[in-house]
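Summary of the model geometry
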Amino acid sequence: MDVDDVEMKSPEPVNRFVHSVVQTNLDSMECDSFPELKLPDQNANVPKTVPEVANNDPKKTEKEESSNADSKNVTSDLKTKYKDGLSTYSSYFYCIIDTNIFIANYKEFEGFLSKTYVERQPIVVVPYKVLHELDTVKHKNPQLAPKITPVVKFLHQMLRAKDPRVKGQHPWDDTIELMPVLSPDDSIINCALQVQTVAASSDVQVVLVSNDCNMLTKALVANLNSCTMEELQTDYHF
């Protein structure tokens, strides 16, 4: 077969192919050629959607009830009565005080019980770990004894007065861990979390006070309010 024969005969099959395709496509575009579309029965979907909505609410309710039950269990296990004697105050907030605050600023607390607060009444919480640290530091660093001894006496006087505005954490509560306690800082944050659990039912604010930047950061990641002594005075009007 020579080249001329190929060139003359090649268009014919191509034209047939194209014509066939076009004809087929045109035929397929006719309305009668489309398969009948069957829309899904909307009523058939109702039984499927209703149970899903009904199943979500019980799960949510179950979680809320479980969370409330856990909070109640923690509160009932605590021996420190953080709410006792506070009904006379229309508004108050808890401030959990770190060890370094008492060492550096204990004189700021000397007039605390005799001061009248126009806005919210501060409720000072002394974690048990703070009392333990004061005793430990005094023996490990005798040079700090002149600073720590007045603090120890002052805290003794405040707690001995059994004034509702000062709460000392019960030693037993120091063993109830709401988070992994791996350091003294963790123990103080754990105390603040316990107070937060108690205060949650009455929507009372809780703030941890420290001059230790790392302690303040730990409190933040534990979803606690935290501030320095200076901020306690300026922002919270202590």
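Just so we're clear, the structure is a prediction, and the values are computed from it rather than from any experiment. (Residues numbered from 1 in each chain as written. Predicted model: local features only at pLDDT ≥ 70, side-chain atom pairs only at ≥ 80, totals over all residues. Heavy atoms only, no water.)

1. Here we look at the sheet that holds strand 1 (residues 92-97)
Spelled out, the test is: A pair of strands is considered paired only if DSSP assigns at least 2 bridges between the two. Put simply, DSSP H or I for four residues or longer makes a helix, DSSP E for two residues or longer makes a strand, and each gets a number counted from the N terminus. Only the stretch in contact is used when a helix axis is fitted, and all axes are lines through C-alpha atoms; the angle between N-to-C directions ranges over 0 to 180 degrees. Note on contacts: a residue pair qualifies if any of its non-hydrogen atoms lie within 4.5 Å across the two residues.
Pairing in this open sheet of five strands is parallel, and the strands run 3-2-1-4-5 from one edge to the other. With one partner strand each, in any of the chains shown, strand 3 (166-168) and strand 5 (225-227) form the two edges of the open sheet. Direction aside, neighbouring strands of the sheet carry axes that sit 30° apart on average. Here strand 1 pairs with strand 2 (residues 121-126) via five bridges, running parallel. Considered in strand 2, the bridge of Y92 is made with Q121. Against the sheet, helix 7 (residues 184-200) touches strand 1, strand 2 and strand 4 (206-209), its axis set at about 165° to strand 4.

2. Details of the confidence of the model for the chain
In plain terms, the rule: Per-residue confidence from the predictor is reported as pLDDT, which spans 0 to 100.
Summarising the model, the chain shows a mean pLDDT of 79, and 70% of its residues fall at 70 or more. In the predicted structure, residues 2-34 sits below a pLDDT of 50 and forms five contacts with residues beyond four places in sequence or in another chain. Counted against residues more than four places away or in other chains, residues 49-54, with its pLDDT under 50, gives one contact.

3. Focus: the environment of F154
Quick reminder of the rule: Residue burial is assigned from relative accessible area. The probe radius is 1.4 Å, only protein chains are included, and a residue is buried under 20% of its type maximum, exposed over 50%, and partly exposed in between.
By the secondary structure assignment, F154 is in helix 6 (residues 145-160). F154 sits in the buried class, given a relative accessible area of 9%. Separated by 45 residues in sequence, F154 and F109 have C-alpha atoms that sit 8.9 Å apart. Sequence-distant contacts of F154, defined by excluding residues within four places in its chain, comprise Y106, F109 and E110.

4. With respect to the packing of helix 5 (residues 128-140) against helix 7
Formally: Roughly parallel means an angle under 35 degrees; roughly antiparallel, over 145; roughly perpendicular, 65 to 115; everything else is oblique.
Look at helix 5 against helix 7: their axes get within 8 Å of each other, and the N-to-C directions meet at 150°. On the basis of the axis angle, helix 5 is roughly antiparallel to helix 7. The residues of helix 7 that touch helix 5, namely those facing K129, V130 and E133, are P184, S187 and I188.

5. So, the pairing of strand 1
We apply this condition: When the strands point away from the viewer and the path from the first strand over the helix to the second turns clockwise, the crossover is right-handed.
Burial analysis of strand 1 places six of its six residues in the buried class, the great majority of the element. Burial along strand 1 is two-sided: Y92, Y94 and I96 and F93, C95 and I97, pointing in opposite directions, are all buried. Following the chain from strand 1 across helix 4 (residues 99-105) to the adjacent parallel strand 2, one finds a crossover that is right-handed. Summarising the sheet, strand 1 and strand 4 pair through four bridges and their orientation is parallel. Within strand 4, the residue paired with C95 across the bridge is V207.

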